[in-house]
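Topology and contacts: notes
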Amino acid sequence: MNKYIVIACAFFSLNAVSEELCLNLNAGHGGRDGGFMRDSILESQFVLEVAKQLEPLLEAQGIEVNNVRSADDYISLDERVDIVSNAPDCMLINLHAEPGSEGVYYKGDENRDFAKSIKDNLSVYIKQPLAFKEKAYRELYGKKAVYINLPLGDNSSPKSMAGALYKSVLRAI
Ligand SMILES: [Zn+2]
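Figured I'd write up the structure that's included with this text. (Residues numbered from 1 in each chain as written. Predicted model: local features only at pLDDT ≥ 70, side-chain atom pairs only at ≥ 80, totals over all residues.)

**With respect to the overall build of the protein chain**
Check the secondary structure of the protein chain and you find five helices and eight strands. Buried positions account for 36% of the 173 residues belonging to the protein chain. The contacts of the protein chain with a sequence gap of at least 6 include a subset with a gap of at least 24, amounting to 78%. (Helix = DSSP H or I, 4+ residues; strand = E, 2+ residues; numbered from the N terminus. Buried ≥ 20, exposed ≤ 12 C-beta atoms within 10 Å, placed from the backbone. Contact = placed C-beta atoms within 7 Å.)

What follows is the structure in structure tokens.
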């Protein structure tokens, strides 16, 4: 490996770790609450799979990931609030896949730039226009919080969505 590549790699990994970033990853629904279904794919299972694949990708960049739901369990909103409250200074991504509402939503001006960056990058990586607007969503919110509705169905694989989200989050932070 030539020395310039070594220097570039060292800089990139140091940069990621030194930020001490963390992320609450909140996959919606679960258990008796399956959410939407399209092409026989259940929203709860789809977003769970995306979250599971996204977690190690971000951790490899030095980002601590707090996965709110790591199994097909029902977790109430109150329980989710408790889990996320353990790490209030971390970013928060609420993951859903609601057909007809594909997009990135935010709540509060302080989250707009972060959400806009994720939306701009994600729509390029998944090659699909995405909605972007402020929305008084019922889910959790806080510092650098977004609500993302991924496309659901036969043309949307968890692996490709996790890869696109990974690159979009890295560019947004
Ligand atoms: Zn949902």
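From this point, the discussion proceeds with the structure in view.
**A look at the packing of helix H2 (residues 43-59) against helix H5 (residues 158-172)**
Between H2 and H5, whose axes approach to 8 Å, the crossing angle comes to 45 degrees. Of the possible angle classes, the one that applies to H2 and H5 is oblique. The way H2 lies across H5 gives a crossing that is right-handed. Residue-level contacts link Phe46, Glu49, Val50, Gln53, Leu54, Leu57 and Leu58 of H2 to Pro158, Lys159, Met161, Ala162, Leu165, Tyr166 and Val169 of H5. (Axes fitted to C-alpha atoms, helices over the stretch in contact; angles between N-to-C directions. Parallel < 35°, antiparallel > 145°, perpendicular 65-115°, else oblique. Left-handed = near helix turned anticlockwise from the far one by under 90°.)

**Quick word on the nonpolar core**
Core analysis: the biggest nonpolar cluster contains 43 residues, and Val50, Val146 and Leu165 have the highest contact counts within it. When contributions to this core are tallied by element, the ones reaching two or more residues are strand E1 (22-27), H2, strand E5 (91-96), strand E6 (103-106), helix H4 (112-125), strand E8 (145-149) and H5. The residues contacting Val50, other than those within four sequence positions of it, are Leu95, Leu150, Pro158, Met161, Ala162 and Leu165. (Core = buried A, V, L, I, M, F, W, Y, C linked by C-beta atoms within 7 Å.)

**Quick word on the sheet that holds E6**
Reading across from one edge, E4-E1-E5-E8-E6-E7 is the order of the six strands in this open sheet, with mixed pairing throughout. Of all the strands in the sheet, the pair left with one neighbour each is strand E4 (64-67) and strand E7 (131-134). Going across the sheet, the axis of each strand differs from the next one's by a mean of 20 degrees, ignoring polarity. Where E6 and E8 come together, four bridges link them in antiparallel fashion. Its bridge partner lying in E8, Tyr105 is registered against Tyr147. Strands E1, E4 and E5 of the sheet are contacted by H2, whose axis makes an angle of about 165 degrees with E1. (Pairing = 2+ DSSP bridges.)

**Quick word on H2**
End to end, H2 covers 24 Å across 17 residues, agreeing with the expected 24 Å (1.5 Å per residue, within 8%). For H2, the full list of buried residues reads Glu43, Ser44, Phe46, Val47, Leu48, Val50, Ala51, Leu54 and Leu58. Looking at the buried side of H2, the elements it contacts are E1, strand E2 (37-38), strand E3 (41-42), E4, E5 and H5. (Expected span 1.5 Å × (residues − 1).)

**Quick word on the pairing of E8**
Burial analysis of E8 places five of its five residues in the buried class, the great majority of the element. Alternating residues of E8 divide into Ala145, Tyr147 and Asn149 and Val146 and Ile148, and every residue in both groups is buried. Here E5 pairs with E8 via five bridges, running parallel. Across the sheet, the residue bridging to Leu92 is Ala145, located in E8.

**Overview of unusual backbone geometry**
The backbone of His29 sits at a positive phi, close to 60 degrees, despite the residue not being glycine. Examined against the element boundaries, His29 turns out to sit in the loop between E1 and E2. For His29, a count of 24 C-beta atoms within 10 Å puts it in the buried group. Of note, Asp39 is a non-glycine position whose phi angle comes to about 50 degrees, a positive value. If you trace the backbone, Asp39 turns up in the loop between E2 and E3.

**Quick notes on the environment of Leu122**
Along the chain, Leu122 turns up in helix H4. For Leu122, a count of 24 C-beta atoms within 10 Å translates into the label buried. The spacing of Leu122 and Ser168 is 46 residues in sequence and 5.5 Å in space, taken between C-alpha atoms. In contact with Leu122, not counting residues within four places along its chain, are Val104, Leu130, Ala164, Leu165 and Ser168.

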